[in-house]
Amino acid sequence: MTDTPPKTGAEPTRTWRPRTRAVRGGLTRTGFSETSEALFMTSGYVYDSAAEAEQSFDGTLDRMVYSRFKNPTVATFEQRLAEIEGVPPGAAIACRATASGMAAVHAALMCQLKAGDRIVASRALFGSCQWIINELCPKFGIERVFVDGPDLDAWAAALSQPTTCVFIETPANPTLEIIDIAAVAALAHKAGARLVVDNVFATPMLQSPLALGADVVVYSATKHIDGQGRCLGGAVLADPAFCQDVLGPYLRNTGPALSPFNAWLLLKGLETLDLRMERHCANALKVARFLESRPEVARVLYPGLESHPQHVLAARQMRGWGSILAVVLKGGKDAAYRLLDALELIDISNNLGDAKSLVTHPWTTTHQRLSPEDKLGMGIGEGMLRLSVGIEDGDDLVDDLSRALDRAGT
Ligand SMILES: *Cc1c(COP(=O)(O)O)cnc(C)c1O
């Protein structure tokens, strides 16, 4: 018996382009010849004989044993995501799914770190990623160093001594700062470190960190991959040896397994990811340009604007500008709150990457637990709002912001 039911009509995927892989990658059909991916809601598997059970555990037979280790629907999601993650030509890549993005970040880091090791990370990070590196790592005797992401001299200085792991997020949450992945990868490798990239904001459609020299990519699939606010999920992608020998035992024994039901939702999310990202990007650029034209606005941070400090770098390493932007209001927190409360279409929510446009005040929500100094050090001010631009009609989003700014100003 093998891992998957016999293929009925699955084509070889090697020549398919990423858009086709996003719709069909990893698909194997059961004997019922269903069109859509089968959903295997099962925690365990049965054996025809005692000997078969024994062989499944001693490694003689490669088959499903327990869904904490492997499940057919989760495996289909893993294979599809691996097939669309851009890789250097000829390179093999493996994917392991997790219950959430934070489970992916936690496992990707802790499976390779031990007491006495050193991790260097960019300063502007998603709040919980910052917590893992700043609070959890020192508890286990791991030295951590933070660097201003765009400052390559600071990276060179921080990586002038042996290091185990480098962690970056680009574009960064919520400041939209862009880090030069190829340059940091080269410095990391010289220091003996693996480079782990949180690619949530860009998605596999807009940026391929592994092709730029990164060693590990992590996703919160909760964001654009589901993209419809339905479920949590995460994924780690890296070379097969890392996934099998370093990450694999950590996941198998600590258990942050993705639910098969969520894997099924995420598979359907991947089918429309490219289409959604096109609309997300077009709407976000329209909204960014509109906000930049308003007198109430001190600054708009969006990689697609010529005014973004790393616009040229973003153009070089990304295939689109993404769905997220930050806007800094001249009137500080009061003006930010007035704008939030005056919006009628765009929802106040700390989630992002959703089909629905969502806006949040990072200072008091996603980054609330950080000290004011840490927030300011990351570039987060009290007048900053993070806007996750959805796939509604872009003109309705501009209308909503325009009306709300008019009302908030009086
Ligand atoms: C949301 C997010 C995470 C965490 O993902 P969850 O699915 O919420 O656990 C990590 N990194 C970034 C950049 C995120 O936006």
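Heads up: these notes are all about the structure in this document.

Here we take up the packing of aromatic side chains. On inspection of all chains with the given rule, the structure shows two aromatic pairs. On the basis of an interplanar angle of 75° and a centroid distance of 5.7 Å, the ring pair of tyrosine 66 and phenylalanine 69 is categorised as edge-to-face. Seen in terms of ring centroids, phenylalanine 261 and tryptophan 264 are 6.4 Å apart; in terms of plane orientation they differ by 20°. Their pairing is stacked. Of this pair, phenylalanine 261 and tryptophan 264 are both found in helix H10 (residues 260-292), three residues apart, which corresponds to roughly one turn of the helix. The class of tryptophan 264 is partly exposed, set by a relative accessible area of 25%. Cation over ring: arginine 252 sits above phenylalanine 69, and NZ or CZ is 3.7 Å from the ring centre. Across from the ring centre of tryptophan 363, 4.5 Å away, lies the NZ or CZ of lysine 375, which sits over that ring.

For the rest of this paragraph, the subject is helix H14 (residues 394-409). Between its first and last C-alpha, H14 extends 22 Å over 16 residues, near the 22 Å set by a 1.5 Å rise per residue. Residues of H14 that are buried: Gly394, Leu397, Val398, Asp400, Leu401, Ala404, Leu405 and Ala408. Buried positions in H14, seen along its axis, are confined to an arc of 160° and lie on one side of it. Residues of H14 that are buried in the fold lie against H10, strand E9 (324-329), helix H12 (332-342) and strand E12 (384-388). Its side-chain oxygen 2.9 Å from the backbone nitrogen of aspartate 395, aspartate 393 forms the N-cap of H14.

The next point concerns the side chain of aspartate 274. Mapping aspartate 274 onto the fold places it in helix H10. In this structure aspartate 274 comes out as buried when scored by relative accessible area, which is 19%. Not counting residues up to four positions away in its chain, the partners in contact with aspartate 274 are Arg19 and Met205.

In terms of burial, E9 is largely enclosed, as five of its six residues are buried. Where strand E8 (residues 297-301) and E9 come together, four bridges link them in antiparallel fashion. Considered in E9, the bridge of valine 297 is made with leucine 329. As judged from the five bridges shared by E9 and E12, these two strands associate in the antiparallel manner.

Across the sheet, five strands lie side by side as E8-E9-E12-E11-E10; this open sheet has mixed pairing. The sheet is open, and its two borders are formed by E8 and strand E10 (347-348), each paired with just one other strand. As paired strands, E10 and strand E11 (residues 358-360) are joined by two bridges and run parallel to one another. From the neighbouring strand, aspartate 347 faces E11, where its bridge partner is leucine 358. With respect to the sheet, H12 is in contact with E9, E10, E11 and E12, its orientation differing from that of E9 by roughly 125°.

The next thing to look at is the packing of helix H4 (residues 101-110) against helix H5 (residues 127-139). Remark: H4 packs on H5, axes separated minimally by 10 Å, with the N-to-C direction vectors making an angle of 35°. Crossing handedness for the pair H4 and H5: right-handed. Residues Met102, Val105, His106, Leu109 and Met110 of H4 pack against Ser128, Cys129, Ile132, Ile133 and Leu136 of H5.

A separate point is the environment of glycine 409. Note that glycine 409 resides in helix H14. Owing to a relative accessible area of 57%, glycine 409 belongs among the exposed residues under this scheme. Once the C-alpha coordinates of glycine 409 and threonine 366 are considered, the two residues, 43 residues apart in sequence, prove to be 26 Å apart.

With that settled, the discussion passes to the environment of aspartate 393. On the secondary structure map, aspartate 393 appears in the loop between E12 and H14. One polar contact links the side chain of aspartate 393 to the main-chain amide nitrogen of aspartate 395, over a distance of 2.9 Å.

Okay, the pairing of E12 next. In terms of burial, E12 is largely enclosed, as five of its five residues are buried. Neither face of E12 is exposed, since Met384, Arg386 and Ser388 on one face and Leu385 and Leu387 on the opposite face are all buried. Pairing of E11 with E12 involves three bridges; the strand directions are antiparallel. Looking at the pairing, valine 359 lines up with leucine 387 of E12.

Phe77, Leu81, Ile225 and Leu237 are the most contacted members of the largest nonpolar core, which has 33 residues in total. Of all the secondary structure elements, the ones that give two or more residues to this core are helix H3 (72-84), strand E1 (94-98), helix H8 (203-206), strand E6 (216-220), strand E7 (234-238), H10 and helix H11 (311-317). Looking at which element gives the most residues to this core, the answer is H10, with eight residues. Residue contacts for isoleucine 225: discarding those within four places in its chain leaves Phe77, Leu81, Tyr219, Leu266, Gly269, Leu270, Leu273 and Arg276.

Rules of the game
- Counting from 1, residues in each chain are numbered in the order their sequence is written.
- In keeping with the model being predicted, local features are shown solely for residues with a pLDDT of at least 70 and side-chain atom pairs are shown and tallied solely at 80 or more, while totals for entire chains, interfaces and linings include all residues.
- The side-chain values count all of the structure's non-hydrogen atoms but skip hydrogen atoms and water molecules.
- To pair, rings of Phe, Tyr and Trp, with the six-membered ring standing in for Trp, must have centres within 6.5 Å; the planes then decide the type, stacked if under 30 degrees apart, edge-to-face if over 60, and tilted in the middle.
- Strands here mean DSSP runs of E at least two residues long; helices mean DSSP runs of H or I at least four residues long; both are numbered from the N terminus.
- Each residue is assigned to one of three classes by its accessible area relative to the maximum for its type, calculated with a 1.4 Å probe on protein chains only: buried under 20%, partly exposed between the two thresholds, exposed over 50%.
- For a lysine, the NZ atom is tested; for an arginine, the CZ atom; a charge sits over a ring if that atom is within 6 Å of the ring centre and within 35 degrees of the ring normal.
- One less than the residue count of a helix, multiplied by 1.5 Å, gives the span that helix is expected to have.
- By definition, the arc is the one covered by directions from the helix axis to the C-beta atoms.
- The contact rule is simple, with two residues in contact once any of their heavy atoms fall within 4.5 Å.
- N or O atoms within 3.5 Å of each other form a polar contact, as long as, within protein, one can give a hydrogen and the other can take it, and as long as residues adjacent in sequence are counted only when both atoms are side-chain atoms.
- Any two strands are treated as partners once DSSP identifies two or more bridges connecting them.
- Here, axes are lines fitted to C-alpha atoms. For helices the fit covers the stretch in contact, and angles between N-to-C directions go from 0 to 180 degrees.
- We call a crossing left-handed when the near helix sits turned anticlockwise from the far one by less than a right angle, and right-handed when that turn is clockwise.
- Among the buried residues, those of types Ala, Val, Leu, Ile, Met, Phe, Trp, Tyr and Cys that are joined through side-chain atoms within 4.5 Å form a nonpolar core.

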